[in-house]
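Chain residues, written in single-letter form:
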Amino acid sequence: MSTAGLIAPEPRIGQRIRWAIGDSITLTRRSLLVWLRVPAFIVFTVVQPVMFVLLFRYVFGGAIHVGIPGGYVDYLMPGIIGQTAAFASIGTAIALAQELQRGVIDRFRSMPMTRSAVLAGRLTADAARMLVTILVILGVGYLVGFRFRNGAVPAVGMVLLSVTFGLTVCCVSAFIGLAIKDEESVQAFGLIWLFPLTFVSSAFVPIASMPGWLQTFANNQPVTLVINAMRALALGGPISPYLWKSLVWLAGILVVFGPLAVRAYKRAS
Amino acid sequence: MTHLVDEGRFVDMPEGTSAPAILVEGLRKSFGPVHALRGVDFTVPSGTVLGLLGPNGAGKTTVVRILTTLLEPDGGRAVIEGHDVVHAPAAVRRNIGLAGQATAIQPELTGRENLEIVGRLHHLSWPQSRQRAVDLLERFDIADAADRPAKTYSGGMQRRLDLAASLIGHPAVLFLDEPTTGLDPRSRLGMWDVIRELVSGGTTLLLTTQYLDEADELADQIVVIDHGLVIAAGSAEQLKDRVGGDLVEFTVPDRTRLADALAAVSGLSEGDPHVDQDAGRVTISVGVGGSEALVDAVRRLDGAGVATVGMSLRRPSLDDVFLALTGHGAEDESRGRGGRRRGRRRRGAERRADTT
Ligand SMILES: Nc1ncnc2c1ncn2[C@@H]1O[C@H](COP(=O)(O)OP(=O)(O)OP(=O)(O)O)[C@@H](O)[C@H]1O
Ligand SMILES: [Mg+2]
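The following refers to the structure shown. These numbers come from a predicted model, not from an experiment.

Some points on the site of ligand 1
Every one of the 15 residues lining ligand 1 counts as a neighbour, but N56, G57, K60, T61 and T62 of chain B are closest to it. With respect to ligand 1, the chains having nearby residues are chains A and B. Between ligand 1 and the protein, one listed contact pairs an oxygen atom with a backbone N or O atom of G57 of chain B at 2.8 Å. Here T61 of chain B contributes a side-chain N or O atom positioned 2.6 Å from an oxygen atom of ligand 1.

What follows is the structure, encoded as structure tokens:
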């Protein structure tokens with residue numbers, strides 16, 4: 001019998017954990033490298049959100065009356081950050097569908113690496129990407145008049161909440177990308193479900209301005225709750241009712257879609 | 001002797017034989033109503049090359065995916081270097097390399113980056129990964145393009161890069177799924193050289209292909225599958241012997257004379273002549289008749305007043321083997337000439353029953 005099988009014995013648990021972390025870091029780095037190499041990705045993740053800020057601030061903003069001290073720009077920024085974090089998840093779906101189609105995931109899964117690192121690395125890179133985008137938007141927001149009005153710690157809390165929210169949406173997106181598999185279909189359908197959720201919410205306009213039947217939906221769906229919590233963190237006002245409800249929603253979504261994504265990844269062919 | 005494999009399972013080996021690098025027994029796999037594999041068996045001794053040959057949809061990729069732990073079989077078993085693919089997939093992965101049907105490289109990253117990342121995922125240190133990448137880039141003749149994004153590479157270079165990536169872990173058993181599909185003839189020859197060099201280093205190789213000349217060129221043993229079943233196995237020479245000796249081949253440019261031509265040579269042929277109606281090409285099996293049979297054929301056709309072109313005597317190619325075994329050519333499948341092919345396949349199936 002060939003001795004090749006004996007050269008690499010089953011590693012111990014400590015070693016396996018170290019490899020899992022190392023593999024995730026390697027794949028995070030890989031995703032970020034690809035991101036930096038493709039100008040279109042950068043436009044999509046940075047330029048487009050900045051454009052949204054400017055459009056809403058100067059084009060729609062004048063017509064929307066929100067009745068808060070800082071005016072529309074203060075109202076807008078948490079909403080646009082939430083929307084951007086959610087929309088960034090399309091990148092997760094597209095990248096996974098692409099890697100699946102190209103056989104990259106097959107190669108990884110046939111190697112002695114930690115299998116879960118593919119998803120872990122992807123999500124870590126997406127979180128980093130999201131953070132960069134959010135900071136850029138905040139910078140632009142400051143230039144056009146936005147201010148945090150509730151102190152530094154809640155401000156950091158707002159950024160963390162938006163990244164957590166974005167990552168949760170990424171899990172849903174990962175599932176969608178791995179389930180649909182076809183890159184073009186993912187491009188077409190990967191965002192559609194997010195449009196009603198982000199626009200029929202408190203992200204851009206006060207819910208009170210919507211027709212009654214829409215208000216019921218808008219008031220109770222997770223994007224509104226998350227954005228209200230972010231707004232309270234940024235501007236002041238009651239935080240905890242919104243924060244708890246959003247965290248419960250996010251945990252619920254993770255519990256459902258996390259395992260679904262992992263299962264889709266394991267079965268993906 | 002008995003080998004202990006992972007999870008306390010044993011594989012019995014007859015005394016005096018060394019364990020095969022790949023052992024496949026009764027492998028079955030269905031995708032819903034599609035029976036992709038219907039009981040496939042073969043073994044690959046260490047250090048040899050197996051060519052897995054079959055038309056589109058035969059089940060080649062499905063075999064490779066099961067052996068590389070990407071897919072679980074519905075039935076049967078597969079053992080790589082003593083490790084069962086279902087019960088000890090982690091151990092299998094430490095012994096194999098895979099270059100799949102799609103080139104699994106990241107086009108935005110450079111060739112060097114692609115290899116270094118795979119090295120890191122094999123748990124090599126950074127300096128080791130770098131060195132391994134340099135060595136492989138050199139060996140596969142991509143050193144000059146090492147720092148260009150892989151999407152700027154030619155098809156042949158991308159294939160070589162993909163192959164290089166599959167070798168980073170020094171695999172004992174390598175799987176190449178259609179390594180030369182889509183390459184121009186020169187790149188194909190280059191790829192063959194690379195593969196031959198690899199094999200001379202003692203790597204066990206399973207190679208799938210639709211090209212019969214490729215299997216002929218590279219493989220020690222050939223397994224032909226069609227519709228999820230092994231329809232023939234053996235060396236290229238053994239398979240060719242199955243066709244039954246030499247072939248005389250000629251083309252009748254005037255299609256209306258085809259029937260006359262067939263009538264003229266029918267006495268020469270062992271078994272039915274094979275006719276390609278579209279091309280007007282006739283192939284007859286002449287056993288050990290040799291050049292006498294050729295002269296005889298010329299004389300008879302001349303006597304019947306049928307003009308022919310491209311008259312030749314040749315040894316059977318694997319194409320002929322495929323035709324004899326399946327009733328259709330290796331590359332027919334995708335053209336999908338339904339009725340005629342189905343009828344012929346039935347005959348192929350009968351012949352299969354005789355030969356096995
Ligand atoms: N994931 C899948 N879902 C459904 N059917 C599948 C799947 N994978 C393969 N098949 C089917 O199984 C059969 C065998 O496919 P396989 O890919 O193994 O063929 P192949 O010999 O590799 O063909 P090719 O030369 O085209 O690569 C085909 O009929 C194919 O359509
Ligand atoms: Mg295939």
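Points about the pattern of salt bridges
For the coordinates displayed, the defined rule picks out 24 salt bridges over all chains. Taking the shortest distance from any N to any O, the salt bridge between D126 of chain A and R129 of chain A comes out at 2.7 Å. Here the residue D126 of chain A and the residue R129 of chain A both occupy positions in helix α7 (residues 117-143), the gap between them amounting to three residues, near one helical turn. The pair D126 of chain A / R129 of chain A is uniform in exposure class, with both members buried. Notably, a salt bridge pairs E214 of chain B with R188 of chain B, separated by 3.6 Å at the nearest N-O pair. Here the residue E214 of chain B occupies a position in helix α7 (residues 212-218), and R188 of chain B occupies one in helix α6 (residues 185-200), the gap between them amounting to 26 residues. By the burial criterion, E214 of chain B is buried, and R188 of chain B matches it. Salt bridges sharing common partners tie together D216, E237, K240, D246 and R315 of chain B.

Section: the coordination of the magnesium ion (ligand 2)
Residues and elements named next belong to chain B. At 1.8 to 2.2 Å from the magnesium ion (ligand 2) lie its protein donor atoms, namely T61 (OG1) and Q101 (OE1). Of this pair, T61 sits in helix α1 (residues 60-67) while Q101 is found in the loop between β8 (96-99) and α3 (111-121), placing the two residues 40 residues apart along the sequence. Looking at Q101, the relative accessible area reads 39%, which means it is partly exposed.

Concerning the pairing of strand β9 (residues 173-177) of chain B
Residues and elements named next belong to chain B. Most of β9 is tucked away, with five of its five residues classed as buried. Here β9 shows no split at all, with V173, F175 and D177 on one side and L174 and L176 on the other all buried. Pairing of β8 with β9 involves four bridges; the strand directions are parallel. Bridge pairing links A99 to L176 in β9. As paired elements, β9 and strand β10 (residues 204-209) share five bridges and run parallel to each other. From the neighbouring strand, F175 faces β10, where its bridge partner is L206. Handedness of the β9-α6-β10 crossover: right-handed.

Examining the sheet that holds β8 of chain B
In a beta sheet, neighbouring strands are held together by backbone hydrogen bonds and run either parallel or antiparallel to one another. All names here are of chain B. The strand order across the open sheet formed by six strands is β8-β9-β10-β5-β11-β12, and the pairing between neighbours is mixed. Each of the sheet's edge strands pairs with one partner strand only, and the pair in question is β8 and β12 (229-234). Going across the sheet, the axis of each strand differs from the next one's by a mean of 15 degrees, ignoring polarity. Strand contacts of helix α8 (residues 236-243): β11 (221-226) and β12, with the helix running at about 105 degrees to β12, the strand carrying the most contacts.

Some points on a negative patch on the surface
Negative charge collects at one region of the surface, where D135, E138, D141 and D144 of chain B lie side by side. By the secondary structure assignment, E138 of chain B is in helix α4 (residues 126-139).

Some thoughts on the sheet that holds strand β14 (residues 274-276) of chain B
Residue and element names in this part refer to chain B. One open sheet accounts for four strands, arranged β14-β15-β13-β16; its pairing is antiparallel. Two strands bound the open sheet, and with one partner strand each, they are β14 and β16 (309-314). Between one strand axis and the next, the sheet turns by 15 degrees as a mean value, whatever way the strands run. Here strand β13 (residues 246-251) runs beside strand β15 (residues 281-287); their pairing, made up of six bridges, is antiparallel. Residue pairing for β15: T251 is matched across the bridge by R281. Its contacts with the sheet put helix α10 (residues 290-303) on β13, β15 and β16, and the angle it makes with β16 is roughly 155 degrees.

Re the interface of chain B and chain A
At the junction of the two partners, chain B supplies 40 residues and chain A supplies 34 residues. Here chain B meets chain A over a buried area of about 3300 Å², counting both sides, of which 56% is carbon and sulfur. Three residues, R94, L121 and H123 of chain B, lead the burial of chain B against chain A; their summed loss comes to 22% of the area buried on that side. Linking chain B with chain A are three salt bridges. Residues R65 of chain B and D106 of chain A are paired through a salt bridge, measuring 2.5 Å at the closest nitrogen-oxygen approach. Taken together, the links from chain B to chain A amount to nine residue pairs in polar contact (both at pLDDT 80 or more). At the level of secondary structure, the elements contributing two or more residues to the side of chain B that touches chain A comprise α2 (89-93), β8, α3 and α5 (155-166) of chain B. Per element, the largest residue contribution to the side of chain B that touches chain A is five residues, and it comes from α3 of chain B.

Cut-offs applied
Along each chain, residue indices are assigned from 1 in the same order as the chain's sequence is written. Key to labels: chains lettered from A, ligands numbered from 1, both in the order written. In keeping with the predicted nature of the model, local features appear solely for residues at pLDDT of at least 70, side-chain atom pairs appear and are counted solely at 80 or more, and the whole-chain, interface and lining totals rest on all residues. Side-chain metrics rest on all non-hydrogen atoms present in the structure, leaving aside hydrogens and water. Proximity is defined per residue: any heavy atom of the residue falling within 4 Å of a molecule or strand makes that residue near it. Two N or O atoms count as a polar contact when they lie within 3.5 Å, although within protein this holds only if one can serve as hydrogen donor and the other as acceptor, and sequence-adjacent residues are included solely when both atoms are side-chain atoms. Just to be clear on terms, a salt bridge is a Lys or Arg side-chain nitrogen sitting within 4 Å of an Asp or Glu carboxyl oxygen. To qualify as a helix, a DSSP run of H or I must reach at least 4 residues; to qualify as a strand, a run of E must reach at least 2; elements of each kind are numbered from the N terminus. Relative accessibility under 20% of the residue-type maximum defines a buried residue, over 50% an exposed one, and the middle range a partly exposed one, all with a 1.4 Å probe and only protein chains included. We call an atom a donor if it is N, O or S and sits within 2.8 Å of the metal, or 3.2 Å for Na, K and Ca. Water is not counted, so some sites may look partial. By definition, two strands form a pair when at least two bridges between them are found by DSSP. Handedness of a crossover is defined as follows: with both strands directed away from the viewer, a clockwise route from the first strand across the helix to the second makes it right-handed. Interaxial angle, 0 to 180 degrees, is taken between N-to-C directions of lines fitted to C-alpha atoms, where a helix line uses only the stretch in contact. Note on contacts: a residue pair qualifies if any of its non-hydrogen atoms lie within 4.5 Å across the two residues. Patches here are clusters of residues that have more than 30% relative accessible area and form no salt bridge, with a 9 Å joining cutoff for like charges and a 5 Å cutoff for nonpolar side chains (Val, Leu, Ile, Met, Phe, Trp, Tyr). A 1.4 Å probe and the Shrake-Rupley method give the accessible areas. Residues count as covered only by the protein chains that appear here. As used throughout, the charge tally considers Lys and Arg to be positive and Asp and Glu to be negative, leaving His and the chain termini uncounted. In this description, the location of a charge corresponds to atom NZ of lysine, CZ of arginine, CG of aspartate or CD of glutamate. Note on terms: buried area is the combined drop in 1.4 Å-probe accessible area of two parts once they are placed together, counting the loss on both.

Remember, this is a structural readout, not a statement about activity or role.
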